[in-house]
Amino acid sequence: MPGSSYLYSRCAVKSFKANAKPLLDVLSDESIESLREFRILDLFKMPVIQQNIPLLYYLMKSYSVRRNAFLLGKCYVKFSVNEVACILGLPNRGREFHFQRSPLSKYKHNDLVQEIDSLTIEEASPTLELRRVNALVRYVLAVLLFPLKGLKVPTCILEIQGLDDFGAVNWPMAIHSFLHSHFARMSDVAAREEMTNLGYLEGCSVILVVWFFEHTKLAAPISEMVVPRLHRWSPKISISATQCSELQVKLSKPDNVRRALVYISVEEQDLLGEEEEVDSSDFEEENRRLKKEIKEREEAKEIKEKRDRVKKLKEKRVREKKKMEEEERKREVVKEMKEEKRVREKKKREEEEKKREERFKGYVDDLKHFIQGKFDALAALFREGRPSASLLQTPPSSSPRSSPKEEALKEEEDEKAIITYLTKTQTKKFTPVKGRQKKRKGDNLGHHSQAITKYPGRDHLSPQQRDGIDFVLSRYPDRDSIVIERGNIFISRVSLLDILGTEWVCSSHIDAYAYVLNSLIEREGNNMLRFLFVSSNHAYYKRCSKISRRLVDHITHDSFGGAEAIMIPCHVASHWVLLVGNLKGKYWDFYDSLPNPMHRSSLQENIRFLHEDRAEVLPGDIIDWPIHTVEGLPTQDNGNDCGIFVMKYMEASLGKDRVDWTRHTSWAKEMPRIRAEIVATLLQTFQTSLLTENGFCV
């Protein structure tokens, strides 16, 4: 059973009574008597009956427009004008009230409440009592009997002036007609299975709640003789959503449903109009129609289930095919890596064999000289008659060569290691870090003090750079304070300390440095290549099936106008590498600070992700571009500096001249200085205004 969010009602009895009470308390006895005579006072004294939203939803789903009746259990019960008259205590006679044709005024319920409040405290005057009564009449009509979704007041209600105008209208007929139009609309919406939100039920929904309990035996009234019937019921009567799910079973019992109101008293007979006949015809035709509809729904449901099963089977085949292709690709990669390793091993063996031959040749020559020298010395001693045991020393020996069986076992072990490593690489998921990574043993950088005084590369910076870093970090004393924020870049204070120390870098660090390089190109564009940058978060979001296009929306037809390269930092098996695409030559350069063929395993995947999201603007099929490994690169000497090397590779590769990597072999030794300079550059770029305003030269 749906909750209250599938139907709404504006009929709030509690607030209706609370707003009217102050004015009722100051009315004269004569005015009170007039309201009682026209049966309006009973409406102000009605019990605070709950809206019972689950029950209203159930009734709207069971309403028949053709019969003007509700299906309660197995029989239809008509909702008549006379029943509205008995429930409200208003007579079913008088002129018609065309509520539906009336335009809406600018007044709302709050305006009527404010009018009541002002009349309550207004000083006595000849017309005050009449204006108070007229205000109450308009209030009961607009707020209780005809509440609308927008809380606006129709013009026809404002035209009711005085009790005489109120008594001349057939209000039960007007209320019945108004509710019937909403029942018809909601029944039409409920008939469409794809829509379950019935919207607003305008009008006095409390009438329908009382009508339901009058026609069922699910609850007993407080008194069976009180008029109007609205006063017979306790404010606590309600049907919950759980009870509504069992309502159809309870109402299927004939004794639980009444086709007509129980006992019409003499006082109520005076309220009734022309007698309305209750539909007593059999319901065979209606039951046949219902059975036909149920059968059609079941057949449609069965067809839908079959389609879903076929769709799932197709999806399963696609997944299996994709899995097989992935396994085949993995086998190809293993085969390629084995072949590369075999070539390297062969080349290495040839070089070692050549060295051994050279060493053996030198050893033979040395041995010849050694033996000849010993022989000559021994011969001389024997001639003198004084042999010496020290002359019989053992000559130097060469290391033995491994047997073919040992080399075959070693090759088999290497093959198993490659397959195991590749499987781990394919299944491992990398999450871009926004904030502090795990602190490792040996990190002596504190984050409790507001001013940083020590870090490895501090002495390599200029005084202006050191003071600038100390000042910015003092302005962000908390370890998780965000110091740099731009787009998808979030760098906290503790994350900056990671760079200043010896920790790993995350995607935000590399993205921020790409932004710095782009800003540098804007200032010195003639000396550097323009490039397009793809964050490593793009591949991560693609793997997690998240929205990834927003990370490459900057790559458009216009962006290729002056660009000469595409940069993609990749995170492979907890190691940072760099792909640089040459847009003119149509090839990829691969930079790796820890050369290892297994680091190439997911490069094609990163390229394919970019091609899937921006194929319409890319210059050709970038997946088919060859990948060249850049040789002679400076390499790291630990397990933490790969991200820093990627930043330096990015910076070096943007020069228009060919890079002489032999000039950069000292990067590993100069890492404390490089890390400190990167932090200083990031702060100068992203905290320019803060540093400039406080006297630091940027």
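Residues numbered from 1 in each chain as written. Predicted model: local features only at pLDDT ≥ 70, side-chain atom pairs only at ≥ 80, totals over all residues. Heavy atoms only, no water.

### Describing the overall build of the protein chain
Here is step 1 of the chain: Secondary structure assignment for the protein chain yields 24 helices and 14 strands.
Here is step 2 of the chain: Burial analysis of the protein chain (698 residues in total) assigns 42% to the buried set.
Here is step 3 of the chain: Sequence-distant contacts in the protein chain: of pairs separated by 6 or more residues, those separated by 24 or more amount to 73%.
Here is step 4 of the chain: Of the roughly 38,900 Å² of accessible surface on the protein chain, 51% is carried by carbon and sulfur atoms. (Helix = DSSP H or I, 4+ residues; strand = E, 2+ residues; numbered from the N terminus. Buried < 20%, exposed > 50% of the residue type's maximum accessible area, 1.4 Å probe, protein only. Contact = heavy atoms within 4.5 Å. Areas by Shrake-Rupley, 256 points an atom, 1.4 Å probe, with all protein chains shown as cover.)

### Topic: the sheet that holds strand E11 (residues 565-572)
Here is step 1 of the chain: Taking strand neighbours across the sheet as the criterion, the 5 strands line up as E10-E11-E12-E13-E14 in an open arrangement whose pairing is mixed. Of all the strands in the sheet, the pair left with one neighbour each is strand E10 (531-533) and strand E14 (627-629). Across the sheet, the mean angle from the axis of one strand to that of its neighbour is 30°, orientation sign disregarded.
Here is step 2 of the chain: In the sheet, strand E12 (residues 575-582) pairs with strand E13 (residues 587-591) via 5 bridges, with the strands oriented antiparallel. Bridge assignment links Asn582 to a residue of E13, and that residue is Tyr587.
Here is step 3 of the chain: Against the sheet, helix H21 (residues 603-614) contacts E11, E12, E13 and E14, and its axis sits at roughly 130° relative to E11.
Here is step 4 of the chain: Helix-sheet contacts for helix H22 (residues 642-653) involve E10, E11, E12 and E13, and the interaxial angle to E12 is about 15°. (Pairing = 2+ DSSP bridges. Axes fitted to C-alpha atoms, helices over the stretch in contact; angles between N-to-C directions.)

### Points about the sheet that holds strand E4 (residues 75-78)
Here is step 1 of the chain: Spatially, the 3 strands line up as an open sheet ordered E2-E3-E4, and their pairing is antiparallel. Every other strand in the sheet has two partners, leaving strand E2 (63-64) and E4 as the edge strands with one partner each.
Here is step 2 of the chain: As defined by bridge partners, strand E3 (residues 69-72) adjoins E4 across 4 bridges and the pair is classed as antiparallel. From the neighbouring strand, Leu71 faces E4, where its bridge partner is Tyr76.
Here is step 3 of the chain: Sheet strands in contact with helix H4 (residues 53-61) are E2 and E3, and its direction is about 105° off that of E3.
Here is step 4 of the chain: Of the strands in this sheet, E3 and E4 are in contact with helix H11 (residues 205-214), which crosses E3 at around 50°.

### A few points about the nonpolar core
Here is step 1 of the chain: Core analysis: the largest hydrophobic core is formed by 88 residues, its most contacted members being Met60, Phe70, Leu141, Phe146 and Trp171.
Here is step 2 of the chain: Sort the elements by how many residues they give to this core and helix H7 (residues 128-145) lands first, with 12 residues.
Here is step 3 of the chain: Setting aside anything within four residues of it in sequence, one finds Phe70 in contact with Leu59, Met60, Ser62, Tyr63, Cys75, Tyr76, Val77, Phe79, Phe183, Leu208 and Trp211.
Here is step 4 of the chain: Residues Val483, Leu529, Met671 and Leu683 belong to the second largest nonpolar core, which totals 57 residues. (Core = buried A, V, L, I, M, F, W, Y, C linked by side-chain atoms within 4.5 Å.)

### Some remarks on the pattern of salt bridges
Here is step 1 of the chain: This model, assessed by the stated rule, comprises 26 salt bridges.
Here is step 2 of the chain: Across the pair Arg530 and Glu522 runs a salt bridge whose closest N-O atoms are separated by 3.4 Å.
Here is step 3 of the chain: Taking relative accessible area as the criterion, Arg530 reaches 32% and is therefore assigned partly exposed.
Here is step 4 of the chain: For Lys542, the salt bridge is made with Asp613, and the minimal N-O distance between the two is 3.4 Å. Note that Lys542 is positioned in helix H20 (residues 536-543) and Asp613 in helix H21, a separation of 71 residues in sequence. (Salt bridge = Lys/Arg side-chain N within 4 Å of Asp/Glu carboxyl O.)

### Here's the deal with the confidence of the model for the protein chain
Here is step 1 of the chain: Residues at a pLDDT of 70 or more form 83% of the protein chain, whose mean pLDDT is 80.
Here is step 2 of the chain: When pLDDT is averaged over each helix and strand of the protein chain, the minimum, 48, is found for helix H16 (residues 404-427) and the maximum, 94, for E13.
Here is step 3 of the chain: When the criterion is pLDDT under 50, residues 276-284 qualifies, and its contacts beyond four places in sequence or with other chains add up to 13 contacts.
Here is step 4 of the chain: Low confidence marks residues 417-450, where pLDDT is under 50. Its contacts with residues over four positions away, or in another chain, come to 68 contacts. (pLDDT = per-residue confidence, 0-100.)

### Focus: the pairing of E12
Here is step 1 of the chain: Summarising burial for E12: 7 of the 8 residues are buried, a large majority.
Here is step 2 of the chain: Where E11 folds back onto E12 in an antiparallel hairpin, the turn is made up of 2 residues, including Ala573, whose phi is positive at roughly 55°.
Here is step 3 of the chain: In sequence, E12 turns back onto E13 through a hairpin of 4 residues, with Lys586 there showing a positive phi of about 55°.

### A few points about the environment of Met186
Here is step 1 of the chain: Structurally, Met186 is set in helix H10 (residues 171-191).
Here is step 2 of the chain: Separated by 11 residues in sequence, Met186 and Asn197 have C-alpha atoms that sit 9.2 Å apart.
Here is step 3 of the chain: If sequence neighbours within four positions are ignored, Met186 has contacts with Leu7, Met60, Leu198, Gly199, Tyr200 and Leu201.

### Examining the packing of helix H6 (residues 109-121) against H7
Here is step 1 of the chain: Contact pair H6 / H7: the axes reach a minimum separation of 10 Å and the direction vectors enclose 155°. By the angle class used here, H6 and H7 are roughly antiparallel. When you trace H6 past H7, the crossing you get is left-handed. Two secondary-structure elements touch here, H6 through His109, Leu112, Val113, Glu115, Ile116, Leu119 and Thr120 and H7 through Leu128, Arg131, Arg132, Ala135, Leu136, Arg138, Tyr139, Ala142 and Val143.
Here is step 2 of the chain: For the contact of H6 with H7, the per-class residue count stands at 10 nonpolar, 2 polar and 4 charged. (Parallel < 35°, antiparallel > 145°, perpendicular 65-115°, else oblique. Left-handed = near helix turned anticlockwise from the far one by under 90°. Nonpolar A, V, L, I, M, F, W, Y, C, P; charged D, E, K, R; others polar.)

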